[in-house]
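Descriptive structure summary
One-letter residues, chain by chain:
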Amino acid sequence: MLGRPEYRKALVFCGLIGVPVALIAFWFLVALRQLEELLWTTWPKDLGWKQAPWWWALPLLTVAGLVVGLVVARFPGRGGHLPAGGLHAGGVSSKALPGVLIAALVGLPLGVVLGPEAPLIAMGGGLAVLFASLVRAPRTEASTALLGAAGAAAAISALFGNPIVGAVLLMEVAGVGGPQLFAVMLPALLASGVGDLIFTGFVHWTGLDTGSLNIGLPKPPPLDWGDVLWVLVLAPALAFLVHWTFVGGRLAARFVATRTVRNTTLCALGAGVSVTLYALATGRSPAEAALSGEATLARLAQDPHAWPVGALIAVLAFKGLAYALCLGSMRGGPVFPALFLGGAAGVLLAPLPGLGLVPAMAVGMAASVTAALRLPVSGVVLVVLLLGNVETVALVVLAAVVSFVVTQTLPQGPSLRAADGQPAEQPAH
């Protein structure tokens with residue numbers, strides 16, 4: 001294929017496309033972060049509160065629901081894909097870009113319990129196709145798909161700060177290789193995880209050295225059989241809960257489809273009520289139950305003891321409910337809320353005998369994000385990147401595979417064809 005001139009030209013053009021797409025994605029993420037900081041931290045403090053008051057989410061999310069509902073009803077492309085259907089690559093034209101940007105830049109900073117990854121994928125793909133048309137590059141169906149995937153990968157890599165995550169995620173989302181990809185990838189992933197687990201165990205048990213690429217960084221405590229046994233219990237349970245959260249999102253999508261603007265606003269208000277109940281029940285900031293959870297997950301990992309058991313249970317319940325409502329009505333990505341819920345569940349369950357904080361968070365995040373995305377390899381790569389150590393890779397792999405198998409065997413819930421306006425109703429995996 002590299003010998004074909006048209007492929008080499010497409011390869012060069014994809015590399016050039018990555019420059020403007022990454023720059024636009026950077027400023028898009030900066031704008032989201034600055035707006036979120038302004039609305040949830042700066043303004044409450046300027047008005048004399050130590051933190052956002054308990055009712056803060058109600059007006060913000062109501063406005064978000066109204067604006068997103070209008071975008072879905074009036075703009076080309078409906079503001080992007082419904083997040084209850086997972087991540088999608090392609091299908092968003094350059095004409096849909098205004099709706100995607102408005103829905104994201106208004107909804108996400110106002111507290112919608114979704115992340116920026118889906119808008120980034122849509123924006124990157126749409127921008128790549130737009131730039132190709134501006135320079136009048138020759139376009140076929142195959143080249144358009146290639147450009148869209150390249151633009152989406154450039155944008156999503158800007159979010160995760162790692163090109164490997166972007167490439168793997170887009171490869172799985174786009175379904176490159178078709179059904180055979182998962183038929184081969186899943187057994188290979190499981191076997192590699194088990195192999196790493198056994199190898200690691202023998203190194204610890206025998207004390208013999210086989211040589212490694214370790215450069216001497218500090219390690220967490222070695223894994224033991226207790227960690228492995230807890231994976232087989234916790235991963236299916238979390239996969240079950242996240243799966244039914246998405247089924248709830250699909251039910252919300254059917255409700256929204258009847259009267260888009262009104263019912264989108266009602267779902268957003270329902271999410272605001274859930275966030276408000278969390279703040280009232282715990283006395284903590286409503287921002288912890290609103291938004292994507294990306295920043296809160298970092299604080300949770302750095303200081304888990306600052307979260308009492310009651311607050312962890314409350315955030316799992318109320319943020320989970322708000323997540324389900326936003327999945328079926330708003331626009332954004334499902335990744336970071338799933339990671340946060342899995343991480344919070346891990347912190348809550350870490351005191352279980354033979355578990356521990358790092359393994360519990362690793363299992364929780366891997367099981368939750370895999371159940372949300374149905375993309376086991378991307379889930380493993382993303383969680384390993386977040387954890388920043390290799391000692392828990394085997395647990396992450398096992399949790400992701402178990403979660404994927406469990407979610408594939410459960411009822412998938414109602415169709416999203418009518419609600420989303422897209423030909424694909426569910427993740428194909």
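Described below are features of the structure shown in this document. Given the structure is predicted, the values throughout are model-derived calculations rather than measurements. (Residues numbered from 1 in each chain as written. Predicted model: local features only at pLDDT ≥ 70, side-chain atom pairs only at ≥ 80, totals over all residues. Heavy atoms only, no water.)

**Section: the pattern of salt bridges**
Short version of the rule: Whenever a carboxyl oxygen of Asp or Glu lies within 4 Å of a side-chain nitrogen of Lys or Arg, that contact is scored as a salt bridge. Each helix is a run of DSSP H or I of at least 4 residues and each strand a run of E of at least 2, with the numbering of both proceeding from the N terminus. Three exposure classes are used, based on accessible area relative to the maximum for each residue type with a 1.4 Å probe and protein chains only: buried under 20%, partly exposed in between, and exposed over 50%.
Throughout the structure, instances matching the rule amount to two salt bridges. Residue Arg-33 is joined to Glu-294 by a salt bridge in which the shortest nitrogen-to-oxygen separation is 3.7 Å. Here the residue Arg-33 occupies a position in helix α1 (residues 5–46), and Glu-294 occupies one in helix α10 (residues 294–302), the gap between them amounting to 261 residues. Look at Arg-33 and you get partly exposed, because its relative accessible area is 43%.

**A word on the packing of helix α14 (residues 376–387) against helix α15 (residues 393–409)**
This is how it is decided: Only the stretch in contact is used when fitting a helix axis, every axis being a line fitted to C-alpha atoms; angles between N-to-C directions are given from 0 to 180 degrees. A clockwise turn of the near helix away from the far one marks a right-handed crossing, whereas an anticlockwise turn of less than a right angle marks a left-handed crossing. The contact rule is simple, with two residues in contact once any of their heavy atoms fall within 4.5 Å. Note that Gly is not counted as nonpolar here; it falls among the polar residues with everything else outside the nonpolar set of Ala, Val, Leu, Ile, Met, Phe, Trp, Tyr, Cys and Pro and the charged set of Asp, Glu, Lys and Arg.
Orientation of α14 relative to α15, taken along the N-to-C sense of each, is 145°, at an axis distance of 9 Å. Both α14 and α15 take part in a crossing whose hand is right-handed. Where α14 abuts α15, its residues Pro-376, Val-380, Val-383, Val-384 and Leu-387 lie against Val-393, Val-396, Val-397, Ala-400 and Phe-404. Broken down by class, the residue content of the contact of α14 with α15 amounts to ten nonpolar, no polar and no charged.

**Quick word on the environment of Gly-107**
Within the secondary structure layout, Gly-107 lies in helix α3 (residues 97–107). Overall, the relative accessible area of 2% leaves Gly-107 in the buried class. Remark: the alpha-carbon pair of Gly-107 and Gly-65, spanning 42 residues in sequence, is separated by 7.3 Å. In contact with Gly-107, other than residues within four places in its own chain, are Ala-64, Val-68, Ile-102 and Val-112.

**Topic: the packing of helix α8 (residues 225–258) against helix α13 (residues 357–373)**
The relative placement of two packed helices comes down to the angle between their axes together with the axis-to-axis distance. Two numbers describe how α8 lies on α13: the axes approach to 8 Å, and their chain directions differ by 35°. Once α8 is placed against α13, the crossing between them reads as right-handed. Here α8 contributes Asp-227, Val-231, Leu-234, Ala-235, Leu-238, Ala-239, Val-242 and Phe-246 to the contact with α13, which in turn contributes Pro-359, Val-363, Gly-364, Ala-367, Ser-368, Ala-371 and Ala-372. A per-class count over the contact of α8 with α13 returns twelve nonpolar, two polar and one charged.

**Considerations on a nonpolar patch on the surface**
Threshold: Any residue with relative accessible area above 30% and no salt bridge may belong to a patch, with like charges joined within 9 Å and the nonpolar Val, Leu, Ile, Met, Phe, Trp and Tyr side chains within 5 Å. Using a 1.4 Å probe, accessible areas were evaluated by the Shrake-Rupley method; residue-level cover was limited to the displayed protein chains.
On the surface, a cluster of nonpolar side chains totalling about 910 Å² of accessible area is made up of Leu-47, Trp-49, Trp-54, Trp-55, Phe-255, Leu-266, Leu-269, Val-273, Leu-277 and Leu-280. The element best represented in the nonpolar patch is helix α9 (residues 260–282), accounting for five residues. Note that Leu-269 resides in helix α9. Note on Leu-269: relative accessible area 33%, which makes it partly exposed.

**Comments concerning the side chain of Ser-368**
Convention followed: Any N or O atom pair separated by 3.5 Å or less is treated as a polar contact, with the protein-specific requirement of one donor-capable and one acceptor-capable atom, and with residues adjacent in sequence counted only for side-chain atom pairs.
With respect to the helices and strands, the residue Ser-368 is situated in helix α13. Taking relative accessible area as the criterion, Ser-368 reaches 1% and is therefore assigned buried. A distance of 2.9 Å separates the side chain of Ser-368 from the backbone oxygen of Gly-364, its partner in a polar contact. Setting aside chain neighbours within four positions, we find Ser-368 in contact with Leu-238, Val-242, Ala-338, Leu-341 and Gly-342.

**Overview of the packing of aromatic side chains**
We count it as follows: Pairing of aromatic rings covers Phe, Tyr and the six-membered ring of Trp, with a centre-to-centre limit of 6.5 Å; geometry is then stacked below 30 degrees between planes, edge-to-face above 60, and tilted otherwise. Counting as a charge over the ring demands two things of the Lys NZ or Arg CZ atom: a distance within 6 Å of the ring centre and an angle within 35 degrees of the ring normal.
Within this structure, the stated rule accounts for seven aromatic pairs. With 4.9 Å between their ring centres and 75° between their planes, Phe-26 and Trp-27 make a pair best called edge-to-face. Phe-26 gets classed as partly exposed once you look at its relative accessible area, which sits at 44%. For Trp-27, a relative accessible area of 57% corresponds to the exposed category. Members of the aromatic cluster, joined through ring pairs, are Trp-49, Trp-55 and Trp-56. Here Arg-284 stacks its cationic end above the ring of Trp-307, 4.4 Å away from the centre of that ring. Sitting over the ring of Phe-340, Lys-319 keeps its end group 5.2 Å from the ring centre.

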